[in-house]
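The chain contents come next:
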Amino acid sequence: EELARVRSEMEVSTSEAIAQITEQLTTSHAKEIQMLRSELQSDAEQQRVSEAERITNELKESHAAELQSALAKSQSEQLEQLTATHSEELARVRSEMEVSTSEAIAQITEQLTTSHAKEI
């Protein structure tokens, strides 16, 4: 009978100790899992921030290169347009000068011819 009572007390005591240790381990495990989650979330957040910074820098560099290319193209087109405009203006002035020179030569020739005819 004493043996049964001691056995029963030990079973209860052991069950209580197992329950207490299980609860401690469960609490400890939950804390560790929470810490790991926090670390993983922090790492993931850092990776997202790093990736966002990398993409932002790539886009800035790409945009700068595109702007430089567009500016160079625009300047080149403007120079071509200015050259064409100047060439057209020079051709017009040359043509006007040729006509004016031809008219002046014709007029002087007429005057000289008339003057020479009067002298003769």
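Residues numbered from 1 in each chain as written. Predicted model: local features only at pLDDT ≥ 70, side-chain atom pairs only at ≥ 80, totals over all residues. Heavy atoms only, no water.

What is the right way to read the overall build of the chain from this model?
Within the chain, the regular secondary structure consists of one helix and zero strands. Relative to a compact globule of 120 residues, whose C-alpha radius of gyration would be 14 Å, the chain shows 51 Å and is clearly more extended. C-alpha atoms of the chain, sized along the principal axes, occupy 175 × 10 × 10 Å. The buried share among the 120 residues of the chain stands at 0%. Split by element, the accessible area of the chain, about 11,000 Å² in all, is 57% carbon and sulfur. (Helix = DSSP H or I, 4+ residues; strand = E, 2+ residues; numbered from the N terminus. Rg over C-alpha atoms; globule rule 2.2 N^0.38 Å. Buried < 20%, exposed > 50% of the residue type's maximum accessible area, 1.4 Å probe, protein only. Areas by Shrake-Rupley, 256 points an atom, 1.4 Å probe, with all protein chains shown as cover.)

Honestly, the pattern of salt bridges in this entry has me stumped. Any pointers?
Side chains bearing opposite charge may pair, as long as their charged atoms lie close to each other. Evaluated as defined, the whole model comprises seven salt bridges. Arginine 92 is the partner of glutamate 96 in a salt bridge, and the nearest nitrogen-oxygen pair spans 2.5 Å. One end of the pair is glutamate 96 and the other is arginine 92, both in helix α1 (residues 2–119) and four residues apart, which spans about a single turn. Salt bridges sharing partners connect three or more residues here, namely Glu2, Arg5 and Glu9. (Salt bridge = Lys/Arg side-chain N within 4 Å of Asp/Glu carboxyl O.)

Teacher, can you tell me more about the environment of methionine 35 here?
The topology assignment puts methionine 35 in helix α1. Judged by its relative accessible area of 53%, methionine 35 is exposed.

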